Each structure stands twice: as C-alpha cells, then as structure tokens.
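# Chain and residue survey
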Amino acid sequence: MKKTLLILTAMLFVGFTAPAFSAETVNTMTMSADEKLQAEKIIMELHNYNNEKMKEGYGPFVAAIYDKNGNLVAKTANTVVKDKCPLHHAEMNCIKAACEKLGTYDLSNKGLKMYVTAEPCVMCAGGIMWSGIDTVYYSVNSKDVQKLTGFDEGYKPLLWKAQFKKRGINLYGGIEESAGRASLDKYVLDGHKVYKPERQDNND
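Just so you know, these numbers come straight off a predicted model, no measurement behind them. (Residues numbered from 1 in each chain as written. Predicted model: local features only at pLDDT ≥ 70, side-chain atom pairs only at ≥ 80, totals over all residues. Heavy atoms only, no water.)

### Points about the pattern of salt bridges
Side-chain pairing between opposite charges can occur once the charged atoms of the two side chains come close. Scanning all chains against the criterion turns up 9 salt bridges. K186 is the partner of D190 in a salt bridge, and the nearest nitrogen-oxygen pair spans 3.0 Å. Residues joined in a network through salt bridges with shared partners are D144, E177 and R181. (Salt bridge = Lys/Arg side-chain N within 4 Å of Asp/Glu carboxyl O.)

### Regarding the packing of aromatic side chains
Applying the stated rule across the entire model yields 6 aromatic pairs. Plain terms: the ring middles of Y66 and Y115 are 5.5 Å apart, the flat faces sit at 85° to each other, and that makes the pair edge-to-face. Of this pair, Y66 sits in strand β1 (residues 62–66) while Y115 sits in strand β3 (residues 113–118), and the two are 49 residues apart along the sequence. Each member of the pair Y66 and Y115 is classed as buried. Plain terms: the ring middles of Y137 and Y172 are 5.0 Å apart, the flat faces sit at 15° to each other, and that makes the pair stacked. Of this pair, Y137 sits in strand β4 (residues 135–140) while Y172 sits in strand β5 (residues 170–172); the two residues are 35 residues apart in sequence, bridging distant segments of the chain. (Phe/Tyr/Trp six-rings, centres within 6.5 Å; stacked < 30°, edge-to-face > 60°. Helix = DSSP H or I, 4+ residues; strand = E, 2+ residues; numbered from the N terminus. Buried < 20%, exposed > 50% of the residue type's maximum accessible area, 1.4 Å probe, protein only.)

### Let's talk about helix α3 (residues 33–55)
Under the 1.5 Å per step criterion, the end-to-end length of α3 is 34 Å for 23 residues, consistent within 8% with the ideal 33 Å. Along α3, the residues that are buried comprise E35, A39, I42, I43, L46, H47, N50, K53 and M54. Considering only its buried residues, α3 is in contact with β1, β2 (72–77), β3, β4, β5 and α9 (177–189). In the segment just after α3, G57 is the residue with positive phi, at about 95°. (Expected span 1.5 Å × (residues − 1). Contact = heavy atoms within 4.5 Å.)

### Observations concerning the side chain of T117
Mapped onto the secondary structure, T117 falls in strand β3. With near-sequence residues (within four places) excluded, T117 lies in contact with L46, H47, N50, P60, F61, V62, S139 and V140.

### Overview of the pairing of β3
Summarising burial for β3: 5 of the 6 residues are buried, a large majority. In this view, the connection linking β3 to its parallel neighbour β4 by way of helix α6 (residues 122–131) has right-handed handedness. (Right-handed = clockwise from strand over helix to strand, strands pointing away.)

### Notes on the packing of helix α5 (residues 90–102) against α6
For the pair α5 and α6, the least separation of the axes is 9 Å and the interaxial angle reads 20°. Viewed along their axes, α5 and α6 adopt a mutual orientation that is roughly parallel. Judged by the twist between their axes, the crossing of α5 over α6 is left-handed. Facing E91, M92 and I95 of α5, the residues of α6 in contact are M123, C124, G127, I128 and S131. Of the residues in the contact of α5 with α6, the class split is 5 nonpolar, 2 polar and 1 charged. (Axes fitted to C-alpha atoms, helices over the stretch in contact; angles between N-to-C directions. Parallel < 35°, antiparallel > 145°, perpendicular 65-115°, else oblique. Left-handed = near helix turned anticlockwise from the far one by under 90°. Nonpolar A, V, L, I, M, F, W, Y, C, P; charged D, E, K, R; others polar.)

### Concerning the sheet that holds β3
Across the sheet, which stays open at both edges, the 5 strands sit in the order β2-β1-β3-β4-β5 with mixed pairing between neighbours. Since the sheet does not close on itself, it has two edges, and those belong to β2 and β5, each with one partner. Going from strand to strand, the sheet's axes swing by 15° on average, the running direction of each strand aside. Direction of pairing for β1 relative to β3: antiparallel, over a ladder of 4 bridges. Bridging from a neighbouring strand, I65 pairs with M114 of β3. (Pairing = 2+ DSSP bridges.)

### Focus: α6
Regarding α6, the residues found buried are C124, A125, G126, G127, I128 and S131. Tucked into the core, α6 has its buried residues touching α5, β3, β4 and α8 (160–166). Looking one or two places after α6, you find G132, whose phi comes out positive at around 95°.

Treat this as a map of the structure, not an account of what it does.
Written out as structure tokens, the structure reads:
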C-alpha cells in the first residue's frame, strides 16, 4: 500500500510539474529564420560527412562545435568501435577536442554551439551539461535512432530538456531528419556494427 501511494504521488508530481511544451518545442518556436537556415546547412553537411566516415568504419554519428562567429572549433565522428571504448560517442569526442583546442575544461560563456546528427544519448546529454556549451542542434530523435538501428540510447529523465533549459542551454531538434534517417538506414543495411552490451536485460 505504501509503495502504491509513493508511485501515485510521483505520478502526480510529474503531471503537475511538467511544462506545457518541452524545452525543445519552446525553443524551436523562437528560432530565427537565419538561425534555422544556418542549422539546416550545418546539419546537412554533417550528414554528408557522416556518410563518408561510415565507409571508414566510423559512426553512424557526427558532432561539430562552432563559435559565436560561425567558426568551426571541432568536428568529430563516433569512434566507439575504432577505439574499442564505449565512451567515445561523437559528442563526447567533440567536447574533448574543443577543450583541447581552447585549452580549458569550461566551455561556457563563449557562445559555443554544438550540432549533432542525432539526439544526444543519456551519457552525451550529461557531458553537454557539464561542458558549458550554450546551444545544441540535433537531427534524428532518440526514439527513431533506436527503432532504425537497434542502438540502446539509454534512459533519460522525463524532464531532461527542461533541465537543459534550467542551465541556460538552448535546444533545437528535428533538423534535417529525413537525411539523418537515411544515413542510419544505410549504416544498418551496409552491415556495420550496432554496438551495445551483449547482456540480458531484466524487463521485470
């Protein structure tokens, strides 16, 4: 009985505190026309770059960080299989490369923007929050990534987008999704590795 009450209380809390619009939706509504065009241009460039890197055994994800003047700071692909390390997602590699180039662990207050070919997974979302990046633009959402490829994108809290907003991180999603889905389809059809732990998950 006590456990049931706790679950009901939690459900009520989430229901009454969830925003009417997700952080993604609210921010997309306020994106300027020029910003939208720039995001679409860069994301499409990343999709094309991703298609080339997949042929070399990378991917199927790419991220890039630009400064406030539109200059490229870092661009990296996912190197999990190549490096034999589950931490080497595109976003994490890109954050590391930007920190090395700029000589700092703190990427805040620099007007830095990250562009990525898919919604950040649970690990990368955490890395972005810790890095201090101001804005994130992504293409394919996690649900579609999992459906198309079988990758495990991990658990993310219901209000993760609101937590980005709370930390002053602007978030825009669904940019050039069709091209992104096509890249993911090709990755699977070409027989590339869908890497994830070979464990038996407990669904109880």
